[in-house]
Amino acid sequence: MKFMKLGSRPDTFYTTEAVRAVSSEVSSDLIVQVQGSRYLLHKFPLLSKCLLLQRLCSETPETKHHQIVQLPDFPGGIEAFELCAKFCYGITITLSAHNIVSARCAAEYLQMTDEAEKGNLIYKIEVFFNSCILNGWRDSIVTLQGTKSLPSWSEELGITSRCIEAIASKVLANPSRVNLSNSCSRRGRDDISWCNGSESQRHDKHVTKGWWAEDIAELGIDLYWRTMIAIKSVGKPPSNLIGEALRIYASRWLPNISKDSNNANRMESDSDSAGKINSKHRLLLETITSLLPPEKGAVSCSFLLKLLKAANILNASNSSKMELARRVGIQLEEAKVSDLLIPSLSSDMVYDVEMVLNILEQFMLQGQSPPTSPVRAKGGFERRRRSRSEEKVDSEFQESRRSSSASHSSKIKVAKLVDGFLQEIAHDRNLPMSKFIAVAEAVPEFARLDHDDLYRAIDIYLKAHPDLNKSERKNLCRILDCKKLSMEACTHAAQNERLPLRVVVQVLFFEQARATTSGGRVTDIPSNIRALLTSNGDPRRPMTASFSTNATGPAEDQWSISGQKSPTSRISTLRMKLAEDDDLDESFADRIGSSSRAKASNCLLPGRPKGMFSKLWPISRSASQRH
């Protein structure tokens, strides 16, 4: 760090009972009062360099011994005044980036210009500031930080703007590599060199991209915002460097509250001082959001979701939330399930499902024209959704429009992400079924290559909501496509008493139909399903199985067929349930043609198992007769 020394005389200032004086053979004739401190000084050295003191002394009546001058609101306080006074006496003073702002403002206040004396303090400070401070990276940052104590003076004198311009020019000279590397600048912060000395030019072989990001992260949010705007407006640095700089700044100044919603609740209920801190963090987050580069991939999706979590907790503006949700939607395929678990503070639900729905909508709306966009209600994230039957009518048309932006592979990744998210939120007892279905239907059907993860999420939801009636369970299971279930999932579903019987029958039929057409021969029914149809047992006893998937979750939610025992439900139990379930969907009955029924009845089950499907045929016939 550079500095400049002025003057050659030793320091002769001393203190006596809260009064500062100068040791001299000549008695003092001027008393200057600065912020409650009194200085016994001499008119000649001060008035010869300070036009303000000249004017004040001419306007103030003289007393027998001293003339008293008061300097209220002196910029920089007593330290800055004493530095200027010592300069007038020729006492040695040292100027550096740490005190140059206060010294420059104090000299301006005292009007220490060349009009009073050639080569006055203002002139010397300006020469040092322009030739040394602004040419040094670390000096420019320290000086810019010093302007926080005197913002109006610094703005008027151009100190702030010149420092920002100097910093921006150095960043833009080479945004990813520079001779003065990050490690060098950090190790050499406290190094002192003369103004006419050369700054260290050592080059670190391990210079990292964005060498400047950590240094400017020390700035307050206002100065940081102005600096980043200058960097972005003067030149075009790589967007990923801007994004990395914002990530570093956010990690330094934003509280790590996104992982714990209880912390946020405590912050909301604390004192007024906590409220002020909360407001400060909110402003910081909204400013960072406004600085995000528009390019996709400039920041990671994980970082965007952390900002969104913080925005939710800090109650940031809706515009900031919507912008973050839009940015997340653009690169949602990069996200993880844990990233989407945004704590909910405005409802009884554990997680903010509405926010995730909004993100999914933004993902699906990439590149779409307004007519294909879902209608959004005013004042929130509520949406008007069409029924599933209506969506099926023009699903191919809609999907072809949507595929223009979000790629097929990204939609497949997002569908997998959504199913994992559903498994997490399904444990929430306060989660309405409509929200669960809305999330499941937020991605197109073709994006789910299989429905195993979706089935697992439905099973978890049924466990957590045992009070659902038959109609509600049917409505929930309509989002499940049994044809896309694996053999392992089918085995579990066929034994799952939480599922509506319609789904169990669908699973049995499609699995046997698939086995019938595979390889041109009928494969044996899995022993577990055969046991379900032929064995005896207590119908009131729940059927249990464990089906293992790659999804994470509690042990009781994972299922596997390895080592599974055959259930003991009686065939009469299925007959009784079929008799109760007399309102099976006609669409399912119609789907079973006469030829397929004959093949299924002949190939599926010999003897007693045929009786199970005998309950299905009259329903199907009555439906066809009505048409």
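Treat the numbers as computed from the prediction; the structure is a model and nothing was measured.

K.L.:
Which residues make up the overall build of the protein chain, and what values do they have?
P.N.:
A tally of helices and strands in the protein chain yields 31 helices and ten strands. Split into buried and exposed, the 627 residues of the protein chain put 51% on the buried side. Sequence-distant contacts in the protein chain: of pairs separated by 6 or more residues, those separated by 24 or more amount to 74%. Element-wise, carbon and sulfur atoms account for 51% of the exposed surface of the protein chain, whose accessible area totals about 30200 Å².

K.L.:
Describe the sheet that holds strand β4 (residues 30-34), and please don't skip the residues or the numbers.
P.N.:
Pairing in this open sheet of five strands is mixed, and the strands run β2-β3-β5-β4-β6 from one edge to the other. Edge strands, defined here as strands with exactly one partner in the open sheet, are β2 (13-16) and β6 (67-70). Between one strand axis and the next, the sheet turns by 25° as a mean value, whatever way the strands run. In this sheet, strand β5 (residues 37-41) lies alongside strand β3 (residues 19-22) in parallel orientation, the contact comprising three bridges. Across the sheet, the residue bridging to alanine 21 is leucine 40, located in β5.

K.L.:
Hey, could you go over the pairing of β5 for me, with residue numbers and the actual values?
P.N.:
In this structure, β4 lies alongside β5, joined through five bridges in antiparallel fashion. By the bridge assignment for β5, isoleucine 31 is matched with leucine 40. Count of turn residues in the β4/β5 antiparallel hairpin: two residues, of which glutamine 35 carries a positive phi of about 50°.

K.L.:
Mind laying out the packing of helix α17 (residues 353-364) against helix α20 (residues 408-425), listing which residues take part and the relevant values?
P.N.:
Where α17 meets α20, the closest approach of the two axes is 12 Å, and the angle between their N-to-C directions is 170°. One way to sum up the angle between α17 and α20 is to call them roughly antiparallel. Across the interface between the two elements, Val353, Val356, Leu360, Phe363 and Met364 of α17 pack against Ser410, Lys411, Val414, Val418, Phe421 and Ile425 of α20. Counted by class, the contact of α17 with α20 contains nine nonpolar, one polar and one charged residues.

K.L.:
Break down the side chain of threonine 287 for me, citing the residues and quoting the values.
P.N.:
Tracing the backbone shows threonine 287 in helix α14 (residues 272-291). Here threonine 287 falls in the buried class, since its relative accessible area comes to 12%. A polar side-chain atom of threonine 287 sits 2.7 Å from the main-chain carbonyl oxygen of leucine 283. Those residues within four positions of threonine 287 in sequence are excluded, and the remaining contacts are Ile221 and Trp225.

K.L.:
Can you lay out the packing of helix α16 (residues 318-330) against α17 for me, pointing to particular residues and giving the numbers?
P.N.:
The N-to-C vectors of α16 and α17 enclose an angle of 55°; their axes lie 7 Å apart at closest approach. Classified by the interaxial angle, the pair formed by α16 and α17 is oblique. Like other packed secondary-structure pairs, α16 and α17 cross with a definite hand, here right-handed. Contacts between α16 and α17 involve Lys321, Met322, Ala325, Arg326, Val328 and Gly329 from the first element and Met355, Asn358, Ile359, Gln362 and Phe363 from the second. In terms of residue class, the contact of α16 with α17 is built from six nonpolar, three polar and two charged.

K.L.:
Go over helix α24 (residues 487-494) with me, naming the residues and quoting the values.
P.N.:
Within α24, six of the eight residues are buried, which leaves the element mostly enclosed by the surrounding structure. If you check which residues of α24 are buried, you get Ala489, Cys490, Thr491, His492, Ala493 and Ala494.

K.L.:
So what about unusual backbone geometry? Which residues, and what values?
P.N.:
We note that alanine 18 has phi near 60°; this positive angle belongs to a residue other than glycine. Tracing the backbone through its elements, the reader meets alanine 18 in the loop between β2 and β3. The backbone phi angle of glutamine 111 is positive, close to 55°, even though this residue is not glycine. With respect to the secondary-structure elements, glutamine 111 resides in the loop between α4 (100-109) and α5 (121-133).

K.L.:
Which residues make up the pattern of salt bridges, and what values go with them?
P.N.:
With the rule as written, the count across this model stands at 18 salt bridges. Between aspartate 11 and lysine 86 there is a salt bridge, with the nearest N and O atoms lying 2.9 Å from each other. One end of the pair, aspartate 11, is in the loop between β1 (2-6) and β2; the other, lysine 86, is in helix α3 (residues 77-89), and 75 residues separate them in sequence. Look at aspartate 11 and you get partly exposed, because its relative accessible area is 45%. The partner of glutamate 244 in a salt bridge is arginine 247, with the nearest N and O atoms 2.7 Å apart.

K.L.:
An account of the packing of aromatic side chains is needed here, citing residue identities and associated values.
P.N.:
For the structure on display, the rule yields eleven aromatic pairs. On the basis of an interplanar angle of 70° and a centroid distance of 5.5 Å, the ring pair of phenylalanine 509 and phenylalanine 510 is categorised as edge-to-face. Each member of the pair, phenylalanine 509 as well as phenylalanine 510, carries the same accessibility label: buried. Each member of the aromatic cluster is reached from another via a ring pair, and the members are Phe13, Tyr39, Phe74, Phe81, Tyr89, Tyr109 and Trp153. For lysine 86, the ring lying beneath its charged end belongs to phenylalanine 13, and the centroid distance is 5.8 Å. Here the guanidinium or amino end of lysine 483 rests over the ring plane of phenylalanine 510, the centre of that ring lying 5.3 Å away.

K.L.:
Just give me the short version of the confidence of the model for the protein chain, but keep the residues and values in it.
P.N.:
Confidence in the prediction for the protein chain averages 77 pLDDT; 67% of positions are at 70 or higher. Strand β8 (residues 193-194) is the least confidently modelled element of the protein chain, averaging 32 in pLDDT, while α4 averages 98, the highest of any element. This stretch, residues 257-271, has a pLDDT under 50; its non-local contacts, to residues over four places away or in other chains, come to 21 contacts. This model gives residues 399-405 a pLDDT under 50, and the stretch forms 13 contacts once residues within four places in sequence are excluded.

K.L.:
Give a description of the state of the cysteines that names residues and reports values.
P.N.:
If you walk through the whole model with that rule in mind, you get zero disulfides. Left without a disulfide partner, cysteine 84 is nearest to the cysteine sulfur of cysteine 50, which lies 6.9 Å away. In this structure cysteine 490 is a free cysteine whose sulfur lies 7.2 Å from that of cysteine 482, the closest cysteine sulfur available. Residue classification places cysteine 490 among the buried residues on the basis of a relative accessible area of 1%.

K.L.:
Give me the lowdown on the nonpolar core, citing residues and values where you can.
P.N.:
Of all hydrophobic cores here, the largest spans 160 residues; its most connected members are Leu71, Leu110 and Trp212. Aside from chain neighbours lying at most four places away, what touches leucine 110 is Cys50, Leu51, Leu52, Leu53, Leu71, Phe74, Phe81 and Cys84.

K.L.:
Outline the side chain of serine 344, listing residues and values.
P.N.:
Relative to the assigned elements, serine 344 resides in the loop between α16 and α17. Setting aside its immediate chain neighbours within four residues, serine 344 contacts Met349, Val350, Tyr351 and Asp352.

K.L.:
Please provide a residue-by-residue account of the environment of serine 346, values included.
P.N.:
Summarising the element assignment, serine 346 is placed in the loop between α16 and α17. Spatially, the C-alpha atom of serine 346 lies 9.3 Å from that of asparagine 312, the residues being 34 residues apart in sequence.

K.L.:
Can you explain the pairing of β3? Please cite residues and give values.
P.N.:
Residue alternation in β3 divides its side chains into two sets, Val19 and Ala21 and Arg20 and Val22, and both sets are buried. Here β2 pairs with β3 via four bridges, running antiparallel. Paired with threonine 15 across the bridge in β3 is arginine 20. The turn joining β2 and β3, which pair antiparallel and follow one another in sequence, is formed by two residues; a positive phi near 50° is taken by glutamate 17.

Calculation criteria
- Residues numbered from 1 in each chain as written.
- Predicted model: local features only at pLDDT ≥ 70, side-chain atom pairs only at ≥ 80, totals over all residues.
- Heavy atoms only, no water.
- Helix = DSSP H or I, 4+ residues; strand = E, 2+ residues; numbered from the N terminus.
- Buried < 20%, exposed > 50% of the residue type's maximum accessible area, 1.4 Å probe, protein only.
- Contact = heavy atoms within 4.5 Å.
- Areas by Shrake-Rupley, 256 points an atom, 1.4 Å probe, with all protein chains shown as cover.
- Pairing = 2+ DSSP bridges.
- Axes fitted to C-alpha atoms, helices over the stretch in contact; angles between N-to-C directions.
- Parallel < 35°, antiparallel > 145°, perpendicular 65-115°, else oblique.
- Nonpolar A, V, L, I, M, F, W, Y, C, P; charged D, E, K, R; others polar.
- Polar contact = N/O pair within 3.5 Å; in protein donor to acceptor, adjacent residues only side chain to side chain.
- Left-handed = near helix turned anticlockwise from the far one by under 90°.
- Salt bridge = Lys/Arg side-chain N within 4 Å of Asp/Glu carboxyl O.
- Phe/Tyr/Trp six-rings, centres within 6.5 Å; stacked < 30°, edge-to-face > 60°.
- Lys NZ or Arg CZ within 6 Å of the ring centre and 35° of its normal.
- pLDDT = per-residue confidence, 0-100.
- Disulfide = S-S within 2.5 Å.
- Core = buried A, V, L, I, M, F, W, Y, C linked by side-chain atoms within 4.5 Å.

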